[in-house]
Amino acid sequence: GELELTVDNITAQHTTILPVAVKPYFIARGAAIHEFVAFDLVNSYPNMESFHPIGFWIDDRGQVYLLSKFEEDVKTLDNIDWNLDKFDVLDRHFEPFDALMASAQILARMHSRGLVHKEAQIKNMAKDSKGTRIVDLTNMRRIFSSEFINDESVRLMILNDFTQLIESVNRRSYLLETNST
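Residues numbered from 1 in each chain as written. Predicted model: local features only at pLDDT ≥ 70, side-chain atom pairs only at ≥ 80, totals over all residues. Heavy atoms only, no water.

Peer 1: Got a minute to help me understand the packing of aromatic side chains in this structure?
Peer 2: The geometry of an aromatic ring pair is captured by two quantities: the separation of the ring centres and the angle between the planes. Inspection of every chain in the model, using the stated rule, returns 3 aromatic pairs. With a centroid separation of 6.3 Å and 85° between ring planes, the pair formed by Phe-39 and Phe-51 is classed as edge-to-face. Residue Phe-39 is located in helix α1 (residues 29-43), and its partner Phe-51 is located in the loop between α1 and β3 (53-58); the two are separated by 12 residues in the primary sequence. What makes Phe-39 buried here is its relative accessible area of 4%. Residue classification places Phe-51 among the buried residues on the basis of a relative accessible area of 18%. (Phe/Tyr/Trp six-rings, centres within 6.5 Å; stacked < 30°, edge-to-face > 60°. Helix = DSSP H or I, 4+ residues; strand = E, 2+ residues; numbered from the N terminus. Buried < 20%, exposed > 50% of the residue type's maximum accessible area, 1.4 Å probe, protein only.)

The structure is reproduced here in structure tokens:
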């Protein structure tokens with residue numbers, strides 16, 4: 001969802017309204033903190049970008065929400081079955097191969113920096129005017145070169161990232177073909 005966050009700056013005596021994106025965490029509060037840190041880490045690398053976290057909000061029931069800078073015109077790469085309108089910045093659907101290539105490039109950058117997504121799908125990769133970005137880092141894990149060399153499970157996580165990605169493109173392609181017949 002989208003929310004306007006009002007920030008009162010007592011020393012400057014003015015109010016700033018900042019549009020924010022809101023992501024709820026229904027089960028584990030720790031996942032919100034993990035994703036905040038993961039966003040910051042990914043954004044610290046050149047040629048990799050994700051959303052920009054700004055904080056948390058906890059409602060009256062204790063429900064935790066991650067707040068990030070709201071950015072318009074970010075489209076996930078699974079938009080091959082979305083309806084386009086004349087205001088769509090991308091003005092086209094991603095073809096399955098284009099979505100796969102863009103997502104694979106992101107994963108390769110992540111893996112080369114010792115990061116495993118662990119939920120790699122085209123719906124978790126997005127495109128905007130600045131390029132391709134990584135979405136949903138709730139399960140991201142950092143690995144180290146010593147683990148990569150000596151740990152079979154780490155190699156399997158990396159392989160699984162690519163397998164999940166390819167399967168997500170195949171599912172979308174199948175749905176698109178089924179709906180068009």
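Peer 1: I'm lost on the environment of Ser-50 in this one. Help?
Peer 2: Following the sequence through the fold, Ser-50 ends up in the loop between α1 and β3. Judged by relative accessible area, which is 0%, Ser-50 ranks as buried. Separated by 12 residues in sequence, Ser-50 and Ala-38 have C-alpha atoms that sit 9.1 Å apart. Those residues in contact with Ser-50 that lie beyond four places of it in its chain are Phe-39, Val-42, Asn-43, Arg-133, Ile-134, Val-135 and Leu-137. (Contact = heavy atoms within 4.5 Å.)

Peer 1: Sorry if this is basic, but what is going on with the side chain of Arg-133 here?
Peer 2: With respect to the element layout, Arg-133 can be found in strand β8 (residues 131-134). Judged by relative accessible area, which is 1%, Arg-133 ranks as buried. Within the structure, Arg-133 has its side chain in polar contact with the side chain of Glu-71 (distance 2.8 Å). Discounting chain neighbours no more than four positions away, the residues touching Arg-133 are Glu-49, Ser-50, Phe-51, Glu-71, Val-74, Ile-106, Met-125, Ala-126 and Asp-128. (Polar contact = N/O pair within 3.5 Å; in protein donor to acceptor, adjacent residues only side chain to side chain.)

These figures come from the coordinates and say nothing about function on their own.
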